[in-house]
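Topology and contacts: notes
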Amino acid sequence: PEPFAFSMRAWDHLRHRAGEFDIVQDNQCLGYGLLLIERQLGIPVLGTIHHPITMDRRLEIAAAEGWYKKFTLRRWYAFVDMQTQVARRLQRIITVSENSFKDIVADHKVDPDRMAVVPVGVDIELFRPLPEVTPIPGRLVTTASADVAMKGLKFLLEAVAKLRTERDDVHLVVIGRRKPGGASDETIKKLGLEHHVEFVTGVAEERIIELYSEAELAVVPSLYEGFSLPAIEAMSCGVPLVATTGGAIPEVVGTDGDTAMLVPPGDSEALAAKLRWALAEPELRATIGARGRQRIIDRWSWKHTAAKTVEQYRIRLEMAGR
């Protein structure tokens, strides 16, 4: 009753102030309330879908062990059906990559004529190379916003364990929170990496930039990404990137051996081999890091994101006759 009462108060508040809003932009909530805002209040809605959560559901259920875990995941992801229904009915949707565009059309059955691509961006002045910081030999850095199968951290941990049989300076910094008893926690214990993997969370952005600069390589081991903000953050810092070809990652980071180094998703052997090679090639790392930084400046700065978002606001307002 309490959440319902709160929702009704929020709706009543919005209804009385409807005239103050020109447009509502939704960030992948895709709740039924958006249809009420658009149809009953007459406020144009611009929906944002980074990637269809159907992909998360598919990968999580595939990775789950046992029928009960699969059952609970199916229950948890029940909201995805609502998102599909809402996405089909919104008048205008933006997404962050051509790959996500394709997947949204396939999974949510959204009319492609009602969609546009507006990539996310990074602050290239904030996320920048720090020449005064010397990379630490063997240091790898990755970002794990959640301990879920889609992020592929398990495969990176397996690759680190393989590399440590050859050189004992290899260690990994994970920008994210360690979940006790979670999949990554169990993998770290199983592989004997307790003293070779460090989780860092709750630090300022400047410290995150330092962590990138302290690494010889940044890694994005994801099985799927609709874009990958961590990838462009690392590249913007001039750090050479090793990433998978999952989802939109190649579209974002560029060509293997030019602006990044790419491997197939879900393959710890291939990942270990690419990391081994890159760690042994300092000149290659410097070249790829510099080219990666330039790719971000040319394509994925916030300036590009802002200009394309404003363009979509204008299109949506014109559709509504405003």
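These lines cover the structure that appears in this document, whether it is placed above or below. (Residues numbered from 1 in each chain as written. Predicted model: local features only at pLDDT ≥ 70, side-chain atom pairs only at ≥ 80, totals over all residues. Heavy atoms only, no water.)

Looking now at the sheet that holds strand 7 (residues 197-200). Ordered by their spatial adjacency, 6 strands build an open sheet running 7-6-5-8-9-10, and the pairing between neighbours is parallel. The sheet is open, and its two borders are formed by strand 7 and strand 10 (261-263), each paired with just one other strand. The sheet shows a mean angle of 25 degrees between the axes of neighbouring strands, taken without regard to direction. Two strands pair when backbone bridges link them, and strand 6 (residues 171-175) and strand 7 are joined in this way by 4 bridges, in the parallel orientation. In the sheet register, I175 faces strand 7, and the bridge partner there is V200. (Pairing = 2+ DSSP bridges. Helix = DSSP H or I, 4+ residues; strand = E, 2+ residues; numbered from the N terminus. Axes fitted to C-alpha atoms, helices over the stretch in contact; angles between N-to-C directions.)

So, on to a nonpolar patch on the surface. A surface patch of nonpolar side chains, amounting to about 430 Å² of accessible area, comprises W67, Y68 and F71. Here F71 is to be found in helix 4 (residues 67-76). By relative accessible area, F71 is classed as partly exposed at 40%. (Patch = residues over 30% accessible without salt bridge, like charges linked within 9 Å, V, L, I, M, F, W, Y side chains within 5 Å. Areas by Shrake-Rupley, 256 points an atom, 1.4 Å probe, with all protein chains shown as cover. Salt bridge = Lys/Arg side-chain N within 4 Å of Asp/Glu carboxyl O. Buried < 20%, exposed > 50% of the residue type's maximum accessible area, 1.4 Å probe, protein only.)

With that out of the way, let us pick up a positive patch on the surface. A surface patch of positive charge is lined by R39, R88, R89 and K109. Looking at the element boundaries, R89 is found in helix 5 (residues 79-89). (Lys, Arg positive; Asp, Glu negative; His and termini not counted. Charge placed at Lys NZ, Arg CZ, Asp CG, Glu CD.)

This next bit is on the pairing of strand 6. Within strand 6, 5 of the 5 residues are buried, which leaves it mostly tucked inside the rest of the structure. Taking every second residue as pointing to the same face, both faces of strand 6 are buried, with H171, V173 and I175 on one and L172 and V174 on the other. Relative to strand 6, strand 5 (residues 139-143) is paired through 5 bridges, and the arrangement is parallel. Considered in strand 6, the bridge of T142 is made with V174. Between strand 6 and its parallel partner strand 7, the chain crosses via helix 8 (residues 183-191), and the hand of that crossover is right-handed. (Right-handed = clockwise from strand over helix to strand, strands pointing away.)

Along helix 3 (residues 54-63), the residues that are buried comprise T54, M55, D56, E60 and I61. For helix 3, the secondary structure elements touched by its buried residues are helix 4, helix 5 and helix 6 (98-108). (Contact = heavy atoms within 4.5 Å.)

The tally for this structure, following the rule as stated, stands at 20 salt bridges. Its salt-bridge partner being E38, residue R316 comes within 3.0 Å of it at the nearest N-O pair. Taken together, the positions of R316 in helix 14 (residues 302-319) and E38 in helix 2 (residues 33-39) put the pair 278 residues apart, joining distant regions of the chain. This pair shows no difference in class: R316 is buried, exactly as E38 is. We note a salt bridge from K151 to E225, for which the minimum N-O separation is 3.0 Å.

A few words now on the packing of aromatic side chains. As enumerated under the stated definition, the model contains 6 aromatic pairs in all. With a centroid separation of 5.7 Å and an interplanar angle of 85 degrees, the aromatic rings of W67 and Y68 are classed as edge-to-face. Per residue, the accessibility class of W67 equals that of Y68, and both read exposed. An aromatic cluster is defined as three or more aromatic residues linked by ring pairs; in this entry it consists of W67, Y68 and F71. (Phe/Tyr/Trp six-rings, centres within 6.5 Å; stacked < 30°, edge-to-face > 60°.)

Where empty space is left in the structure can be found by rolling a water-sized probe over the atoms. Taken as a whole, the second largest pocket holds about 350 Å³ of empty space. Residue lining of the second largest pocket: 19 residues in total, with P135, S213, G238, V239 and P240 positioned closest to the centre. If you list the elements that add at least two residues to the lining of the second largest pocket, you get helix 9 (205-214) and helix 13 (282-299). Considering every element that reaches the lining of the second largest pocket, the biggest residue donor is helix 13, with 6 residues. Its residues assigned to classes, the lining of the second largest pocket shows 13 nonpolar, 3 polar and 3 charged. (1 Å grid on protein atoms, 1.4 Å probe; cavity = no way out; pocket = protein on both sides within 12 Å on 5 of 7 lines; lining within 4 Å. Points joined across faces, edges and corners; volume = space filled by probe spheres on them. Nonpolar A, V, L, I, M, F, W, Y, C, P; charged D, E, K, R; others polar.)

Let us look at the nonpolar core. Counting residues in hydrophobic clusters, the biggest one holds 34 residues, and the most contacted among them are F127, Y212, L241 and V253. At the level of secondary structure, the elements contributing two or more residues to this core comprise strand 6, helix 9, strand 8 (217-220), helix 10 (229-236), strand 9 (241-244) and helix 11 (249-253). The residues touching V253, leaving out its near neighbours within four places in the chain, are A231, M235, L241, T259, A260, L262 and R295. Of all hydrophobic cores here, the second largest spans 27 residues; its members include L153, V160, V219 and A278. (Core = buried A, V, L, I, M, F, W, Y, C linked by side-chain atoms within 4.5 Å.)

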